[in-house]
Structures are given as structure tokens and as C-alpha cells.
There are 2 protein chains.
Amino acid sequence: MLCQAALDLPVRTRVLDPDPHAPAARCCDEFVVGDFADAATVRAFGAGCDVVTIEIEHVSVTGLRALQAAGVAVYPSPDALEIIQDKGAQKAFYRAHHLPTADFWLAETRAELAAYVTENPALLPAFQKLRRGGYDGNGVRHLPDAAALATAFDAPSVLEARVDAALELAVVCARATDGTIRAFPVVEMVFDPHTHLVTALAAPAAISPETAARATELAVRTCAAFGTVGLLAVELFLTTDGALLVNEVAPRPHNSGHHTMEANYVSQFQQHLRAVLGLPLGDTTPRAPAAMVNLLGAPDGGDGPATVHGLAEALALPGVAVHLYGKTRTRPHRKMGHATAVATTTAEATALAARVAALIRIAAAGF
Amino acid sequence: MLCQAALDLPVRTRVLDPDPHAPAARCCDEFVVGDFADAATVRAFGAGCDVVTIEIEHVSVTGLRALQAAGVAVYPSPDALEIIQDKGAQKAFYRAHHLPTADFWLAETRAELAAYVTENPALLPAFQKLRRGGYDGNGVRHLPDAAALATAFDAPSVLEARVDAALELAVVCARATDGTIRAFPVVEMVFDPHTHLVTALAAPAAISPETAARATELAVRTCAAFGTVGLLAVELFLTTDGALLVNEVAPRPHNSGHHTMEANYVSQFQQHLRAVLGLPLGDTTPRAPAAMVNLLGAPDGGDGPATVHGLAEALALPGVAVHLYGKTRTRPHRKMGHATAVATTTAEATALAARVAALIRIAAAGF
């Protein structure tokens, strides 16, 4: 979607991805198959580029540092990315910058975690998050009680106190090269309790203007603390007693900003491009209440060449926009696309988006 | 822009264009360099496609008929396209179908035209339009008086009575495979008197609801008469005495629908795709008043690799969306992109779009 947005600007795009069938291959100017976690590959890929940016966190910081040293503009900065890649360092960053966040403890192994929890049983229930390599809800484990420790990750992780969250919110900010920050309106995210994937999003969140102002202020402060150029999506918990805590951030286009394509004057994708290209940030004013649902490979839809069912029925609904990513293969819970609904109220948009989610089924042949 | 819209749908695209640097080459799945006016090329290109459509009229009807005979769905139909390709046949079609249109006369040569006009001096002032091959205002000549006949085209042409047009309007309609027709709101087009190119567009047109209803009804009737599947952009004259006349039609995405990307729930590009793919048509309700300006190669900007000046200033204006087409070379008056402004009134949007047109300059190096 970043490359799709780039088609409108006077810029040529080159993309690095290990999958030759990556969606971006269809609409970038140059596509390079390679491992973005490999320093030498990243360095070779970015040589000759004016600007290098990312759409996933797991890119070699060493490779990006080499590009930066060679004079390539790298956004987000490798220093910030290094912190964000490590959920332990990310949490320490919040603490150091007095950004409110849930209590946490770091452990190197499952044994260390178990020993710690056995000594401090009040720590549970909690979430264990892998320090590195998580994505789309992968790398997160709920530990309701001591028995669950047997299934905990045996790897460096963050044990995070379970927050009594009334709502999970997100604010997509963008920071320009001149330090200007603009935030999209606060959205509410609903996660699937099993997959930890964003199921649905409502924009704007159903919170008071005062809470929205506090959430925006905290997100902007977080964005300023990292000092990155480009988007910074800030996920927040609104606790049952009204406190706001930073959960985690993503320095790239984020699922919590997908609705901006239809719901705002500038999409998060163009906003990111504007920022990293040194262009002025766009207006983040909302155009209409909106809701977004992810379109995932059906849980019982098998693994194989994808077929989309129910598309015509979904497109017949006014105010609905469907974005399928052109991924040729489906598997259970794979993100295959998303749909946005705009309406006169957020509740209406949410109902419309839920209808789309119920109508569209993505499955392999025979499923 | 059609391919850009297709990226969101579960469809693969193959494009035929003689220019290896055509904008669509950047975002289609397969790009074939070839002459779409050549029947054998079109036939070979379309073999194996499920659906073939066009973005320019000058495609070999013979080639399209061969594809249709081979079982490929061809939209618009070759029969309708053949009529539309010939402005003489197009005018005769309007007359035959009782669709009001300006009076016209057909001439094979300049001499024939001159003889006719000499016998009927009251025919002038008039416009001479080449029957075939015109595009973007090329192939149109204003004949204010008999002296101008010396510069008239010496080719088969239509002599068309100059209409006392109060406004030039356009209605982009779409017809689905089941015959359903939906029209976007009526827009007003302002043409450059010298280049005959659309300079600016205002949506909706500043006309009474009664006139808008009549214009929509005439456009829908025209669309139904052609019976094509996909878009049919219908250009209309609103005369000073309130009559509506069909000027000409285009069975494809059209300059008069570019603003729909920001001003409507469905863009003309997705609407065309929905129609030709047998999907339900989208809602054409307007989201906001809008205006569109074409971004042309500067008249004094030379011919060469294009540089875009003033983009940052234009993007700083709220409500403005800029679409540059990725054409690498500019030449005077070449369509290099367009910009849309949305605002609370059409007048505001028009003023905003005019500012963008004044800010952006596209020129070759050294100009």
C-alpha cells in the first residue's frame, strides 16, 4: 500500500523482500528478492537510494547503519529501530523517558522467568512477550497462572503485568524531517483474544474529548522522544481507572491506520511518504466516522491458492472499500486484506464493517 | 490509475501500450509493448484474458472482435467502440436514437468542406472535428469564418454548429453486466480555448437540481442507448436557453471523473473495474464538493526529462490530493498528472485547485 501510494508522487521505488510474490512486487519500480534481516543484503539493496524506509521492524540495523554512514537517509533512524526491535529495550525506553507504561520484568530463559514468578506469585496474570521477532500477535503468550509457565517461551522475553484495560487505543503519528508532528485521531482497536491480531478498529474511538486529548498528547510525546522521521503508530491502554499507558510502537504504516485511506484527507501511507521524502505532512482531520476489519485467511480455510468468496455481496454495501493485498496463497489467520466502512456514526460504520467480515471468506480450493 | 485501483481487487492485470515507459507499466502484473491499433497485436495480447477493456478509444476494433469471437469478454463492446471511434458515426447515432446533439455535417476533404460552407455561409462559426484519431483536444479546429477554411483539416471530418453553451457539463455513468446504470453527479468542465484540453472541473456543477436531473437523465439514456458495459463519460452542452445537447462520449475512465478518487465513495476507476468484472456498481453519492485541475507540461517548459516544481507548497494545502502519473518526459501541454481539492463548497474547492495549478510547474531541466 506504501508503493501504491508512491505511484502518485514523483518518486521511484525499490523494494526488498524475501518472497518473490510479495504484494509490493506488483507495484514497485524495482523488486529485489532478499533477506532484509541480513546486513550485507540491506547494504547492497540500499546503495544508490536517496531514502530507505521500512514496512516491517525486522530489518538489519547493522545494514541500515552502513547505509546511513554511506549518506543514505534512513527513516526511521537505525538507533530508534534498534530500540523498537527489542521489546525489552522499548519498555526501558518508556521508563527512561517518563512515558507511562505497564510494569515489566525481563527474563533470558523460561527457567529464569519461572523462578522469578515463583518468588513473586502476585505477578500473574501477565503477558510474556518475546523481546525479538514478534509480529501480528505472534510472540505473545498469556500466562494466567503458574501452570501456564510450562508453555512459556524459552527465550529472552518481557513479562508484562496484565493491565485492566477498558480499551485498547492507537494513535498514528507522523514526524517530518523538520520535527513537526501530526497525529491522526485516536482509534479503538479490538483484538482477537486467541490470535492477538487486530480484529476490528473504530475511528474515532468512543472516548471523551478529554481522554482523546490526553491520548494524543501522550502519543505525540512518545513520537517526539523517539525522534524518528515518518510514521510512529503508538498503541495505548486506557485502564479502567482512566490512566493511559504506552503499550508498544511501530515506526511504519500500521494496521491501526489502514482506515485513513477512506476516512481522512491523507492516508497513513502517503503521510509516511511525505515525511520521509521531506514533503509537508498532510491534514489528519477525519472526513467521516469509520471502521476497519482485517480480512484473514479463514481459520478452517486451509493452506493453498486463495479464493475470495462473498466479495460481490460486500462491495454492494454503500460506504465499503475492500483492499485485497494480492497474496496468492492463504493460510489460517493470514492477513489477506482489509475492509473499511465509512458511515454517519462510528457505530454504524462498525456494524457495516462487521457485515463485510461476515460476508467475505478467503479459503483455499476445496475448503 | 485503473491498474492502481485493480491492485485492491483479486484480479491480475495485463497491459498493452506502445510506450515501454507508459505509467501503467509500473503497476500492472504483465506489460506488453505493442501497437493497440494493430488487430493481430490486440488479438495476441488478449488471448488468455478473461476480460479485455480499454483506456483509450483508438484500439483495433477488428482485434477486439476476434477476441470476442474467441470467448473473451470485451467491454466496451467492439460495435459500440466502432461508433464512438468515428465522430461522424457517433453524431449519426445520437440522431438515430433521438438524443439531442448540435447540428452537424460530414465532409470527406477540405475542398468538400469549403464548397459546402461557401454555399451555406450561415454554418459558420463552427467547429471542425476529425472523424478519427482525435484525443485530448487534438483533432478539433475552430472555424470562426470562411478565411479559417484555409487552415481546416483536409481529412474526413464533422462540421459541428457552434453552440451557445452557457456551460460544458459531464456525467460519468457506469453500466453493469446486468444493465444497471449508475451516474456520478454532474460536473462542470472548463476548457482551455486554445488547447481544447480540460483545464478545470467543478463537482457538482453549479446548476439547478432540475437541470442536474435532466442532464443525468440524458446521460443515462445515452449510456443505455450504447448498451456498453463499464464507464461511459457523457459530455454535454448546456445552452444559454437551457437546452441540453450531447457533445461526445468516452467509453472509459475520463478526465471528468478524476476527482471521484477523493470526492466519492467509489472512484471512476474502481467503478469501471467493478462493471467489467461483473461486480456490483459502487455508490456514486458525493462525499464533498470538489474541483480538479490537470497538471500539464508547462507551455514554456520544453521537452525532456520532467522535473516537478512547487509540489511541497501544493501538498501543504489541506484538502489537496496530487496525482502525478510517473511520465518521465514532459512536453508543452502534456498531461503529467492532476490534482483534486475537496472543500466545504465547490467555489472554495475551485479556488484551492486553482492555487495548486499556479504552484505546480512541470518542466524539463533548464526551463
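Definitions and limits used
- Residues numbered from 1 in each chain as written.
- Chains lettered and ligands numbered in written order.
- Predicted model: local features only at pLDDT ≥ 70, side-chain atom pairs only at ≥ 80, totals over all residues.
- Heavy atoms only, no water.
- Contact = heavy atoms within 4.5 Å.
- Buried area = accessible area lost by both parts, 1.4 Å probe.
- Salt bridge = Lys/Arg side-chain N within 4 Å of Asp/Glu carboxyl O.
- Polar contact = N/O pair within 3.5 Å; in protein donor to acceptor, adjacent residues only side chain to side chain.
- Helix = DSSP H or I, 4+ residues; strand = E, 2+ residues; numbered from the N terminus.
- Nonpolar A, V, L, I, M, F, W, Y, C, P; charged D, E, K, R; others polar.
- Pairing = 2+ DSSP bridges.
- Axes fitted to C-alpha atoms, helices over the stretch in contact; angles between N-to-C directions.
- Buried < 20%, exposed > 50% of the residue type's maximum accessible area, 1.4 Å probe, protein only.
- Arc of directions from axis to C-beta.
- Expected span 1.5 Å × (residues − 1).
- Left-handed = near helix turned anticlockwise from the far one by under 90°.

**Q** Mind laying out the interface of chain B and chain A, listing which residues take part and the relevant values?
**A** Contact residues are listed per partner, giving 32 residues for chain B and 32 residues for chain A. Buried surface at the junction of chain B and chain A, both sides included, amounts to about 2,900 Å², of which 51% is carbon and sulfur. Here chain B is connected to chain A by 2 salt bridges. Arg26 of chain B serves as the salt-bridge partner of Asp29 of chain A, at 2.7 Å between the closest nitrogen and oxygen. At the junction of chain B and chain A, the tally comes to 15 residue pairs in polar contact (both at pLDDT 80 or more). Looking at the side of chain B that touches chain A, the element that brings in the most residues is strand E17 (residues 320-324) of chain B, giving 4 residues. Residue composition of the side of chain B that touches chain A, by class: 20 nonpolar, 4 polar and 8 charged.

**Q** So what's going on with the pattern of salt bridges? Which residues, and what values?
**A** Inspection of every chain in the model, using the stated rule, returns 31 salt bridges over all chains. Within the structure, one salt-bridge network assembled from shared partners comprises Lys87, Lys91, Lys129, Glu160 and Glu248 of chain A.

**Q** Help me get a handle on the sheet that holds strand E16 (residues 304-309) of chain A, residues and values and all.
**A** The sheet built from 3 strands is open, its strands ordered E18-E16-E20 (chain A) with antiparallel pairing. Sheet topology places strand E18 (329-330) and strand E20 (361-364) of chain A at the edges, where each strand pairs with a single neighbour.

**Q** Let's hear about the sheet that holds strand E7 (residues 140-143) of chain A: which residues, and what values?
**A** All names here are of chain A. A sheet is described by the order of its strands in space; here 4 strands give the open sequence E5-E8-E6-E7, paired in antiparallel fashion. Across the chains shown, the open sheet's two edge strands, defined by having one partner strand only, are strand E5 (104-107) and E7. The mean inter-strand angle of the sheet, taken between neighbouring strand axes irrespective of direction, is 25°. When strand E6 (residues 126-130) meets E7, the two strands line up antiparallel, connected through 4 bridges.

**Q** Quick one: what's the story with helix H2 (residues 39-46) of chain B, residue by residue and with numbers?
**A** All names here are of chain B. Turning to H2, its buried residues are Val42, Phe45 and Gly46. Projected onto a plane normal to the axis of H2, the buried residues spread over an arc of 85° and lie on a single side. Away from its buried face by more than 90 degrees, H2 exposes Ala40, Arg43 and Ala44. Taken together, the buried residues of H2 touch strand E1 (14-17), strand E2 (30-33), strand E3 (51-52) and helix H3 (61-69).

**Q** Give a detailed account of the environment of Asp241 of chain B, specifying residues and quantitative values.
**A** Residue and element names in this part refer to chain B. Examined against the element boundaries, Asp241 turns out to sit in the loop between strand E13 (230-239) and strand E14 (244-250). Each C-alpha atom of the pair Asp241 and Ala166 lies 8.3 Å from the other, and the pair is 75 residues apart in sequence. A polar contact of 2.4 Å, which involves the side chain of Asp241, links it to the side chain of Thr239.

**Q** Break down helix H7 (residues 209-226) of chain B for me, citing the residues and quoting the values.
**A** All names here are of chain B. Taking 1.5 Å per residue, 18 residues should reach 26 Å; H7 reaches 26 Å between its end C-alpha atoms and fits that length. Within H7 the residues assigned to the buried category are Thr211, Ala215, Leu218, Ala219, Thr222, Cys223 and Phe226. Looking straight down H7, one finds that the buried residues subtend no more than 135° of arc, so they occupy a single side. A positive backbone phi angle near 65° is found at Gly227, which sits one or two residues after H7.

**Q** An account of the packing of H2 of chain B against H3 of chain B is requested, with residue identities and associated values reported.
**A** Residues and elements named next belong to chain B. Interhelical geometry of H2 versus H3 gives an angle of 35° and a closest axis separation of 7 Å. Crossing hand, H2 versus H3: right-handed. The residues of H3 that touch H2, namely those facing Ala39, Val42, Arg43 and Gly46, are Thr62, Gly63, Leu64, Ala66 and Leu67. Its residues assigned to classes, the contact of H2 with H3 comprises 5 nonpolar, 3 polar and 1 charged.

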